[in-house]
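# Close look at the chain arrangement
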Amino acid sequence: MRVLGIESSCDETGIAIIDSDSNILGEALYSQVELHAKYGGVVPELASRDHIRKALPLIRQVLEEANLSATDIDGVAYTAGPGLIGALLVGAVLGRSLAWGWEVPAIGVHHMEGHLLAAMLEDNPPQLPFLGLLVSGGHTLLVDVKAVGKYKVIGESLDDAVGEAFDKTAKMLGLSYPGGPALAQLAVAGDPGRFKFPRPMTNRPGLDFSFSGLKTFALNTWAGSNKTEKDKADIARAFEEAVVDTMLIKCRRALQQTGLKQLVIAGGVGANQRLRSRLKKLDAEVFVPQPKYCTDNGVMIAYAGLLRLEAGEKHDSSIIVRPRWSLEDLSPVST
Ligand code: KG4
Ligand code: ZN
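About the thresholds
Residues numbered from 1 in each chain as written. Chains lettered and ligands numbered in written order. Predicted model: local features only at pLDDT ≥ 70, side-chain atom pairs only at ≥ 80, totals over all residues. Heavy atoms only, no water. Patch = residues over 30% accessible without salt bridge, like charges linked within 9 Å, V, L, I, M, F, W, Y side chains within 5 Å. Areas by Shrake-Rupley, 256 points an atom, 1.4 Å probe, with all protein chains shown as cover. Salt bridge = Lys/Arg side-chain N within 4 Å of Asp/Glu carboxyl O. Helix = DSSP H or I, 4+ residues; strand = E, 2+ residues; numbered from the N terminus. Buried < 20%, exposed > 50% of the residue type's maximum accessible area, 1.4 Å probe, protein only. Axes fitted to C-alpha atoms, helices over the stretch in contact; angles between N-to-C directions. Parallel < 35°, antiparallel > 145°, perpendicular 65-115°, else oblique. Left-handed = near helix turned anticlockwise from the far one by under 90°. Contact = heavy atoms within 4.5 Å. Nonpolar A, V, L, I, M, F, W, Y, C, P; charged D, E, K, R; others polar. Donors = N, O, S within 2.8 Å, 3.2 Å for Na, K, Ca; no water. Pairing = 2+ DSSP bridges.

Let us look at a nonpolar patch on the surface. Nonpolar side chains collect at one region of the surface, where I85, L89, V93 and I319 lie side by side and expose about 310 Å² of accessible area between them. Within the secondary structure, I319 sits in the segment after α11 (298-310). Classification of I319 by relative accessible area gives partly exposed; the value is 39%.

The following block contains the structure:
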C-alpha cells in the first residue's frame, strides 16, 4: 500500500508518500517562516491561503520525483487536528477530494500521533510500550504510549507549551521568528553559570509543567541587565538550561513512575541539541527522530495514516477537522 500524507496544521505544508514497508518514496516541505516573520508569529489567515497556494503543486512535485502517478496511490492521510482551523481545512478538503477522485480511502490523522510515531521510522526504532515526551509549539506532554492509538497523558503544561516559551522569550530578547532555534543558537555562546533560573514545579510531586514563569524570569533578568550581547547570550543559556533540566527531572520521574525503559522525544523542540544530549543521560534507552522529522513534516502524517489504513480503519467522506483534540480520544489500532 502507498499512502500520500498531507500536513497543514500550522505554518508548514508537508507532503510525503510512504509504502507498507515504511519506505519514504518521496517528500517535500514548504515552510511559511518568511511569510510570518514580519508579524513575529503565525497569522492564521495568511497560513491558510499559503497552504492553498502550495499544497497541490507540492503533491505534483512529490509524485513526479517519486516517479509515481495518481493511480499508484492507495490511500490519503491528512492532518485533521489539532491545529489552526483554516489551515487544517485546506489539507482536509484537498485530501478528501483527491481520495474521492482517485477512489481510494482517506483518513484524518492526529498531528501529535504523527509526532509520537515518527521515531519508529528511524533505523533503530523503539519498541512499544514507551514513554513519549512531546514538545512542540503548541504542546508539552508526557505520554504513556501503550500501543499505537492507545495513549495516556500523564503530564502536561499548565500554561505555555515549551516551544511557545522558547518563542516568546526569544521575541523578548529581540530575536527573529521562529525564536526557538535562534535562542538555542545564541545560548551556545552563553555562560551557564551566570544567571540561575528556577526549575518550575520540580520540587513538588507530579509530572505537570509550567513555563510561563520562566519567560517572566527571563524578562525581568533582561530588564535588570545592561542589555549587551553578552547579557542576551547568558540569559538565553540560563533559560535553555532551566528548560532542559526541568524536562530531565520530569522524564526521570515519569520513567520511575511507569517502569518504562524507553523514552521517545518528539515534536519541534526535540530538534534542540542540548535537550537531545542531556536526555540521553537518563537511565533509559532514548530515541529521537532526526531533526527534520522532529519539526512538522508530511512523512509522519503519511506514516500514522498508513498504520491506520492498513489496519482497515475507515472514515466516511465528511470533512471534519478538530482544532482541539486529545490524544486520549484516539482509537487503538488493531494489529
Ligand atoms: O512541532 P513543531 O514543528 O510545530 C508544532 O506542532 O508546534 O514545533 C515548533 C516549535 C516552535 O516553538 C520552535 O521554536 C520550536 O519547536 N523549535 C525549537 C528548536 N527547533 C524548533 N526550540 C528550541 N530549540 C530548537 N532547536
Ligand atoms: Zn507539530
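Another aspect to go through is the packing of helix α5 (residues 162-172) against helix α7 (residues 212-223). Relative orientation of the contacting elements α5 and α7 amounts to 15°, with a least axis distance of 9 Å. Taken together, the axes of α5 and α7 are roughly parallel relative to one another. Considering the relative orientation of α5 and α7, their crossing is right-handed. Residue-level contacts link K168, T169 and M172 of α5 to K215, A218, L219 and W222 of α7. Among the residues making up the contact of α5 with α7, the classes are represented as 4 nonpolar, 1 polar and 2 charged.

Right, let's talk about the coordination of the zinc ion (ligand 2) for a bit. Coordination of the zinc ion (ligand 2) by the protein comes from H111 (NE2), H115 (NE2) and D296 (OD), over a distance range of 2.1 Å. Along the chain, the residues donating to the zinc ion (ligand 2) fall in the pattern H-x3-H-x180-D. Here H115, found in helix α4 (residues 111-117), pairs with D296, found in the loop between α10 (291-294) and α11; they are 181 residues apart in sequence, far enough to count as distant. Overall, the relative accessible area of 1% leaves H115 in the buried class.

Pairing is mixed in the open sheet, where 5 strands are placed in the order β8-β7-β6-β9-β10. The strands lining the two open edges of the sheet, one partner per strand, are β8 (150-156) and β10 (285-287). Between one strand and the next, the sheet's axes are offset by a mean angle of 25°, whatever the strand orientation. As judged from the 6 bridges shared by strand β6 (residues 130-135) and strand β7 (residues 140-147), these two strands associate in the antiparallel manner. Following the sheet pairing, G132 is matched in β7 by V143. Contacting β6, β7, β8 and β9 (262-266), helix α8 (residues 229-258) runs over the sheet at an angle of about 155° to β6.

Take the sheet that holds strand β3 (residues 24-31) next. Backbone hydrogen bonds hold the strands of a sheet together, and the pairing may be parallel or antiparallel. Sheet architecture is open: 5 strands sit in the order β3-β2-β1-β4-β5, paired in mixed fashion. Strands at the two margins of the open sheet, each flanked by one partner only, are β3 and β5 (106-110). On average, each strand axis in the sheet is inclined to that of its neighbour by 20°, with strand direction left out of account. Here strand β1 (residues 2-7) runs beside strand β4 (residues 75-81); their pairing, made up of 4 bridges, is parallel. Its bridge partner being in β4, L4 is matched across the sheet by V76. Contacts from helix α2 (residues 44-65) reach β1, β2 (12-19) and β3 within the one sheet, and its direction differs from that of β2 by about 30°.

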